[in-house]
Amino acid sequence: MTGPFGSHRRDFLKASTAAAAGFGLLPNAHARGTDAIKVGLVGCGGRGTGAADNICEAAGTTYNIKIHALADVFEDRVRNCRDAIKNGDHSKDKFDVADERCFIGLDGYKKVIEACDLVMLATPPGFRPLHIAAVIKAGKNLFTEKPVGVDPTGIRKVLAAYEEAKAKKLSVVAGTQRRHEAGYVESMKRIHEGAIGEIVSGQVYWNGGGIWAVKRQPNWSDTEYQIRNWYHYLWLCGDHIVEQHVHNLDVACWALGSPPVRAVGMGGRQAAPEPERGNSYDHFAVDYEFPNGVHIASMCRQIPDTESNVSETFVGTTGQWHSGGYRFTGKSPARVRARGINPYVQEHIDLLESITTSKPINELKQVAESTLVAIMGRMSAYTGKAITWEQALNSKLDTFPATLDIHGKIEEPPFPRPGVSELI
């Protein structure tokens, strides 16, 4: 199998495997100023290209990194990403992507893992459990975009990878960037110290306008079309409650210190039923019950020309906190003034610092649990049934195709119908 620019992969893989053997057992052995950390990117679309720019900006002159290898299912994505890195203000001096380290196809992630010390995952989320498990098994440090799965079967794989990464002392940071945003970090510290008393309720929202969709081209197979239009297929995206609203649900879990015990949800599609919308909903509303009878109201919507609200609010026994302006009201009114740098950059600073100081951080469990919170809300909305945390965690639901061929057929999945769709 050859790379996109004509180089033969087999010779390169022999060399990269030999090189990898030298550092495979020492994932954090990269002190500042010594050998460059070889960074590989799997998933070269907009978010992946952005993540490459973010880590290069984070590295600056403090951390010695090189963007070393790229992989994507599609050649055009790799080419565009490679050009962006080569010419980017933050990344051009960290560009080290030779032709033979550009990989095309469903197995390209394996080649990036072999070639690099630190792997960044930015593919459609349905691929994430497979890719995370492979990175951790290889003993490489990891940055993974959120969410980290689309179904309970995938989440269990990620939770197993968390334990393996912990045992191997690997560093893992997830793209839940609020966890690295100064205003959120300080706000959560104050909430946990009792600034609003005991939390009794809250609301989390990701209500926005319309979302992109890709029209099918005549030369595309079913598989290519669904991957290019990944946002609208359950096995790839998990629906927007999982792909997008996971951010707000993660904040709820952070504030309350645990996942919910039960969820009852509803949702559907109000916008025009264009074929490129796949089997995705455009709105969800979920009542999440957390321990001690705390209920968090969750809403997310992606419909054009509608009211936007992306926020979190928590009500306590002595006050409230709202994410807009990081405002505390009630007994201890205040506004958090902490202002850090771009959290999309800060998360990579934190990751690189952990690697170069051999002080591993591991965010896989928290992002896996927050992802499952979103999944259980979707499962309830799709079926019209209540679902507990234990039911979600142990569900046999597995949406990933048993076999996957980029030229093959994948049937259009049925549109979910509450009261009809089965709760698995």
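Bear in mind that the values here come from a model prediction, so they are computed numbers and not experimental data.

Conventions we followed
Residues numbered from 1 in each chain as written. Predicted model: local features only at pLDDT ≥ 70, side-chain atom pairs only at ≥ 80, totals over all residues. Heavy atoms only, no water. Core = buried A, V, L, I, M, F, W, Y, C linked by side-chain atoms within 4.5 Å. Buried < 20%, exposed > 50% of the residue type's maximum accessible area, 1.4 Å probe, protein only. Helix = DSSP H or I, 4+ residues; strand = E, 2+ residues; numbered from the N terminus. Lys, Arg positive; Asp, Glu negative; His and termini not counted. Salt bridge = Lys/Arg side-chain N within 4 Å of Asp/Glu carboxyl O. Contact = heavy atoms within 4.5 Å. Pairing = 2+ DSSP bridges. Axes fitted to C-alpha atoms, helices over the stretch in contact; angles between N-to-C directions. Disulfide = S-S within 2.5 Å.

Considerations on the nonpolar core
Okay, so step 1: The biggest cluster of nonpolar side chains holds 70 residues, and the ones touching the most others in it are Ile132, Tyr288 and Phe314.
Okay, so step 2: A total of 11 residues in this core trace back to one element, the largest contributor, which is helix H13 (residues 364-383).
Okay, so step 3: In terms of nonpolar packing, the next biggest core, distinct from the first, is built from 30 residues, Ala52, Ile85, Ile104 and Leu351 among them.

What about the side chain of glutamate 181?
Okay, so step 1: Within the fold, glutamate 181 resides in the loop between strand E6 (172-174) and helix H7 (182-192).
Okay, so step 2: This buried residue, glutamate 181, is left without a salt bridge; arginine 178 holds the nearest opposite charge, at 5.6 Å.
Okay, so step 3: Those residues in contact with glutamate 181 that sit more than four places away from it in its chain are Tyr326 and Pro343.

Quick word on the sheet that holds strand E3 (residues 102-104)
Okay, so step 1: Strands sit in the order E3-E2-E1-E4-E5-E6 across an open sheet of 6 strands; the sheet is parallel. Of all strands in the sheet, those with a lone pairing partner are E3 and E6, marking the two edges. The sheet shows a mean angle of 15° between the axes of neighbouring strands, taken without regard to direction.
Okay, so step 2: Here strand E1 (residues 37-42) pairs with strand E4 (residues 118-121) via 4 bridges, running parallel.

Considerations on the pattern of salt bridges
Side-chain pairs of opposite charge can arise where the charged atoms are in close proximity.
Okay, so step 1: Using the criterion set out here, one finds 19 salt bridges in the structure.
Okay, so step 2: Of the charged contacts in the structure, one is a salt bridge between arginine 228 and aspartate 76, with a shortest N-O distance of 3.0 Å. Linking arginine 228 in helix H8 (residues 222-228) with aspartate 76 in helix H3 (residues 75-87), this pair joins segments that are 152 residues apart in sequence.
Okay, so step 3: Residue arginine 228 is classed as buried on the basis of its relative accessible area of 12%.
Okay, so step 4: With a relative accessible area of 34%, aspartate 76 lands in the partly exposed category.
Okay, so step 5: With a closest N to O distance of 2.7 Å, arginine 82 and aspartate 99 form a salt bridge. One end of the pair, arginine 82, is in helix H3; the other, aspartate 99, is in the loop between H3 and E3, and 17 residues separate them in sequence.
Okay, so step 6: Relative accessible area serves as the criterion here: at 16%, arginine 82 is assigned to the buried category.
Okay, so step 7: The network of salt bridges with shared partners includes Asp76, Glu224 and Arg228.

Observations concerning the sheet that holds strand E8 (residues 262-268)
Okay, so step 1: Reading across the sheet, the 9 strands line up as E14-E13-E12-E11-E7-E10-E9-E8-E15 and stay open at both edges, with mixed pairing between neighbours. The open sheet terminates on both sides in strands that have one partner only, identified here as strand E14 (334-335) and strand E15 (387-388).
Okay, so step 2: Taken together, the 8 bridges between strand E9 (residues 283-290) and strand E10 (residues 294-302) define a ladder with antiparallel strand orientation. By the bridge assignment, alanine 285 is partnered in E10 with methionine 299.
Okay, so step 3: H7 rests against strand E7 (199-208), strand E11 (309-316), strand E12 (319-322), strand E13 (327-330) and E14 of the sheet, and its axis sits at about 165° to E12.

Some words on the state of the cysteines
Okay, so step 1: For the coordinates displayed, the defined rule picks out 0 disulfides.
Okay, so step 2: Here cysteine 81 stays unpaired: no disulfide links it, and the sulfur of cysteine 44, its closest cysteine neighbor, is 4.1 Å away.
Okay, so step 3: By relative accessible area, which is 0% here, cysteine 81 ends up buried.
Okay, so step 4: The structure places no disulfide on cysteine 253, whose sulfur is separated from the nearest cysteine sulfur, that of cysteine 300, by 14 Å.
Okay, so step 5: Note on cysteine 253: relative accessible area 9%, which makes it buried.

Examining unusual backbone geometry
Okay, so step 1: Cis peptide bonds are those with omega within 30 degrees of zero, and the linkage from lysine 146 to proline 147 qualifies with -20°.
Okay, so step 2: In this fold, proline 147 is placed in the loop between strand E5 (141-144) and helix H6 (152-168).
Okay, so step 3: Positioned with a positive phi, lysine 169 is a non-glycine residue whose angle comes to about 60°.
Okay, so step 4: As for its position among the elements, lysine 169 is in the loop between H6 and E6.
Okay, so step 5: One non-glycine residue, asparagine 292, lies in positive phi territory at about 70°.
Okay, so step 6: Relative to the assigned elements, asparagine 292 resides in the loop between E9 and E10.
Okay, so step 7: Asparagine 292 gets classed as exposed once you look at its relative accessible area, which sits at 81%.

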